[in-house]
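# Topology and contacts: notes
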Amino acid sequence: DGGITQSPKYLFRKEGQNVTLSCEQNLNHDAMYWYRQDPGQGLRLIYYSQIVNDFQKGDIAEGYSVSREKKESFPLTVTSAQKNPTAFYLCASTLGETQYFGPGTRLLVL
Amino acid sequence: AQSVSQHNHHVILSEAASLELGCNYSYGGTVNLFWYVQYPGQHLQLLLKYFSGDPLVKGIKGFEAEFIKSKFSFNLRKPSVQWSDTAEYFCAVRRYNTDKLIFGTGTRLQVFP
């Protein structure tokens, strides 16, 4: 079954804690992206990666970090520096011009 | 900075009504245009896209969109909506030869039977 998987579906973070959201794709897509979705604000780009071992900041990268050690995987870490982490996080990948999205992870702060 | 505007934040329709959702963008060069839909509890999925050619593009589930270059618009239309069209709709723009999509803020559509 091909596609983009994100885990977990729900994630809870305590104050001061770093958490990592997983994104895996078996579509052999080169580029991968992380977005944050908040009500009334659409999707905002956090980080993206066009090739392995390379990534660029998006529009709201502060408080987040990523790695791209494998083509299939693009994990996102929400650090304690992100003061408002509660949101729905979407991972996407691209082959050509069209982006395809994963099911998302909802992060909640305890 | 490039932006994408969706002026309708929340639209409520009865079944069989016609739908038009507005999308305007601010970039003047060549663009690729997309409409995505997010049904309740489901993935964001591609509804239709425009890259070049015929400015009237047809997508899945009876949706279509028209690219009007002079108006920087890419409005989404459907002649007769169904209850199952209840979802959030996002317009997105990609500047030619770049990797970043710019999304609008989304329009929430509710269709009542």
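It should be emphasised that the depicted structure is a prediction, and the values quoted were computed from it without experimental measurement.

## Focus on the overall build of chain B
When helices and strands are tallied, chain B shows zero helices and 12 strands. Secondary structure elements of chain B, listed N to C terminal, follow the sequence β-β-β-β-β-β-β-β-β-β-β-β. Here the C-alpha radius of gyration of chain B, 13 Å, is about what a compact globule of 113 residues would show, namely 13 Å. Viewed in the frame of its principal axes, chain B has a C-alpha envelope of about 40 × 25 × 20 Å. Buried residues in chain B amount to 44% of all 113 residues.

## Things to note about the interface of chain B and chain A
With 18 residues of chain B at the interface, the matching set in chain A holds 20 residues. For the pairing of chain B and chain A, the buried interface totals around 1600 Å² over both sides, and the portion due to carbon and sulfur atoms is 54%. Counting across the chain B and chain A interface gives one salt bridge. The salt bridge partner of Asp-59 of chain A is Lys-100 of chain B, with a shortest N-O separation of 3.7 Å. Connecting chain B to chain A are seven residue pairs in polar contact (both at pLDDT 80 or more). When contributions to the side of chain B that touches chain A are tallied by element, the ones reaching two or more residues are β5 (31-38), β6 (44-50), β10 (87-95) and β11 (101-103) of chain B. Looking at the side of chain B that touches chain A element by element, the count peaks at four residues for β5 of chain B.

## Notes on the environment of Tyr-89 of chain A
Residue and element names in this part refer to chain A. Structurally, the position occupied by Tyr-89 is in strand β9 (residues 87-95). We classify Tyr-89 as buried; its relative accessible area is 0%. Apart from residues no more than four positions distant in its own chain, Tyr-89 is found in contact with Gln-6, Leu-21, Trp-34, Tyr-35, Arg-36, Ile-46, Tyr-64, Leu-76, Val-78, Gly-104, Thr-105 and Leu-107.

## Quick word on the sheet that holds strand β1 (residues 4-7) of chain A
Residues and elements named next belong to chain A. Taken in spatial order, the four strands line up as β1-β3-β8-β7 in an open sheet, and their pairing is antiparallel. Strands at the two margins of the open sheet, each flanked by one partner only, are β1 and β7 (64-66). This sheet shows a mean twist of 20 degrees between the axes of neighbouring strands, independent of strand direction. Sheet topology note: the β7/strand β8 (residues 76-78) ladder contains three bridges and is antiparallel. Following the sheet pairing, Tyr-64 is matched in β8 by Val-78.

Criteria and thresholds
Residues numbered from 1 in each chain as written. Chains lettered and ligands numbered in written order. Predicted model: local features only at pLDDT ≥ 70, side-chain atom pairs only at ≥ 80, totals over all residues. Heavy atoms only, no water. Helix = DSSP H or I, 4+ residues; strand = E, 2+ residues; numbered from the N terminus. Rg over C-alpha atoms; globule rule 2.2 N^0.38 Å. Buried < 20%, exposed > 50% of the residue type's maximum accessible area, 1.4 Å probe, protein only. Contact = heavy atoms within 4.5 Å. Buried area = accessible area lost by both parts, 1.4 Å probe. Salt bridge = Lys/Arg side-chain N within 4 Å of Asp/Glu carboxyl O. Polar contact = N/O pair within 3.5 Å; in protein donor to acceptor, adjacent residues only side chain to side chain. Pairing = 2+ DSSP bridges. Axes fitted to C-alpha atoms, helices over the stretch in contact; angles between N-to-C directions.

So far we have only geometry, and geometry alone does not tell us how the molecule works.
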